[in-house]
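Coordinate analysis (summary)
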Amino acid sequence: WLIRAKPLEKIVVAVPDGSTKPFVAKATEIGTILERMFAKPVRVVNERTAKGRADIWLGDTAKARAAGFTQDSFRREEHAAKSTTNEVVIAGSGETGALFGLCEYLERIGYRYYDRRNEYVPDLRGKGFPELEFRRRPGFEYRQVFTGLGNIKWGAVSPSYGGLFMKQSNCGFPHKTF
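Below you will find a few notes about this structure. (Residues numbered from 1 in each chain as written. Predicted model: local features only at pLDDT ≥ 70, side-chain atom pairs only at ≥ 80, totals over all residues. Heavy atoms only, no water.)

Here the structure, examined in full by the defined rule, presents nine salt bridges. Residue aspartate 17 pairs with arginine 48 through a salt bridge whose shortest N-O separation is 3.8 Å. Taken together, the residues span a long stretch of sequence, with aspartate 17 in the loop between strand E1 (11–15) and helix H1 (21–38) and arginine 48 in helix H2 (residues 47–50) at a distance of 31 residues. With a relative accessible area of 60%, arginine 48 lands in the exposed category. Across the pair arginine 108 and glutamate 104 runs a salt bridge whose closest N-O atoms are separated by 2.8 Å. Placement of the pair is arginine 108 and glutamate 104 together in helix H4 (residues 94–108), with a separation of four residues, close to one helical turn. With a relative accessible area of 44%, arginine 108 lands in the partly exposed category. For glutamate 104, a relative accessible area of 5% corresponds to the buried category. A single salt-bridge network, built from bridges that share partners, covers Glu104, Arg108 and Arg136. (Salt bridge = Lys/Arg side-chain N within 4 Å of Asp/Glu carboxyl O. Helix = DSSP H or I, 4+ residues; strand = E, 2+ residues; numbered from the N terminus. Buried < 20%, exposed > 50% of the residue type's maximum accessible area, 1.4 Å probe, protein only.)

This is the structure we're talking about:
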C-alpha cells in the first residue's frame with residue numbers, strides 16, 4: 001500500500017452522464033463501504049460535474065474508454081479495473097458489469113461481507129488506493145444477488161443445464177438487486 005501524495009478530503013465517484021437512478025443509488029450505497037474503509041465522505045457525481053477530477057471512475061466514462069474499457073470489448077457482465085494510488089477506473093458490460101467490478105475491487109482491497117451482522121472493513125485511513133489491474137467474467141452466467149436475508153432468487157433456466165437452479169453472485173453485499 002502506498003501513501004497517497006495528497007491526502008483525501010473526500011472520495012468522489014464519477015458515473016456516466018445519464019446513468020439510471022438505480023445505478024447511482026447502488027454506487028452511493030456501496031460508497032458507504034468506502035467511507036468506512038478510508039474514513040472519508042463519499043460523493044457520487046455525474047461525469048460532467050466531476051470535470052475530470054474524481055477518485056473513482058465507475059462505468060462507461062471517458063476515463064474508462066481511455067483505459068481501453070470500451071463497451072464493445074466486454075462480454076456479458078464482464079468487468080475490469082485499473083488503479084493507481086490516486087485514481088481507480090472500473091467498468092464493465094453496462095451498469096451491472098460496472099457494479100460487479102466495484103464489488104470485486106472492494107473484495108480485492110480487503111473488504112469481506114459474511115452476513116448482515118458480520119463483515120470485515122479494512123482500515124485504510126491515510127493510504128492511497130492499491131495499484132492493481134484485473135479483468136474478469138463471472139464463473140457462470142445465470143445468477144442474481146443474494147442479500148444474505150434468506151430471499152434466494154430461483155427461476156433461471158440454464159441452456160446447458162436445462163433446469164432451474166439458484167442464482168448466485170460474485171459479491172455478497174447487503175443489497176437487494178442490481
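Still more to cover.
This paragraph deals with H1. Compared with an ideal rise of 1.5 Å per residue, which puts 18 residues at 26 Å, H1 spans 25 Å between its outermost C-alpha atoms and is within 8% of the ideal. Every buried residue belonging to H1 is among Phe23, Lys26, Ala27, Ile30, Gly31, Ile33, Leu34, Met37 and Phe38, and all of these are buried. (Expected span 1.5 Å × (residues − 1).)

What follows is about the pairing of strand E2 (residues 42–46). Note: E1 against E2, five bridges, orientation parallel. Bridged to isoleucine 11 within E2 is valine 42. A crossover connection joins E1 to the parallel E2 through H1; in handedness this β-α-β unit is right-handed. (Pairing = 2+ DSSP bridges. Right-handed = clockwise from strand over helix to strand, strands pointing away.)

The next point concerns the pairing of E1. With five of five residues buried, E1 lies mostly within the body of the structure. Judged from the two bridges that link them, E1 and strand E3 (residues 56–58) form a sheet pairing that is parallel. Paired with alanine 14 across the strands is tryptophan 57, a residue of E3.

A few words on the environment of lysine 63. Within the secondary structure layout, lysine 63 lies in helix H3 (residues 62–66). We classify lysine 63 as partly exposed; its relative accessible area is 30%. Each C-alpha atom, one on lysine 63 and one on valine 89, is 7.0 Å from the other, the two residues being 26 residues apart in sequence.

Bringing the packing of aromatic side chains into the picture now. The final tally for this structure, using the stated rule, is two aromatic pairs. The interplanar angle of 70 degrees and the centroid separation of 5.3 Å between the aromatic rings of phenylalanine 38 and phenylalanine 129 together place this pair among those described as edge-to-face. Separated by 91 residues along the polypeptide, phenylalanine 38 in helix H1 and phenylalanine 129 in the loop between strand E7 (118–120) and strand E8 (132–136) bring together distant segments of the chain. The exposure classification of phenylalanine 38 matches that of phenylalanine 129, with both residues buried. With 6.2 Å between their ring centres and 45 degrees between their planes, phenylalanine 69 and phenylalanine 74 make a pair best called tilted. The buried category is assigned to phenylalanine 69, whose relative accessible area is 5%. (Phe/Tyr/Trp six-rings, centres within 6.5 Å; stacked < 30°, edge-to-face > 60°.)

Glancing now at the side chain of glutamate 78. Structurally, glutamate 78 is set in the loop between H3 and strand E4 (79–83). The class of glutamate 78 is buried, set by a relative accessible area of 12%. Engagement of the side chain of glutamate 78 in a polar contact is seen with the backbone nitrogen of arginine 75, the distance being 2.8 Å. Those residues in contact with glutamate 78 that lie beyond four places of it in its chain are Ser73, Gly92, Ser93, Gly97, Arg135, Arg136, Arg137 and Pro138. (Polar contact = N/O pair within 3.5 Å; in protein donor to acceptor, adjacent residues only side chain to side chain. Contact = heavy atoms within 4.5 Å.)

All quantities given are derived from atomic positions and should not be read as evidence of function.
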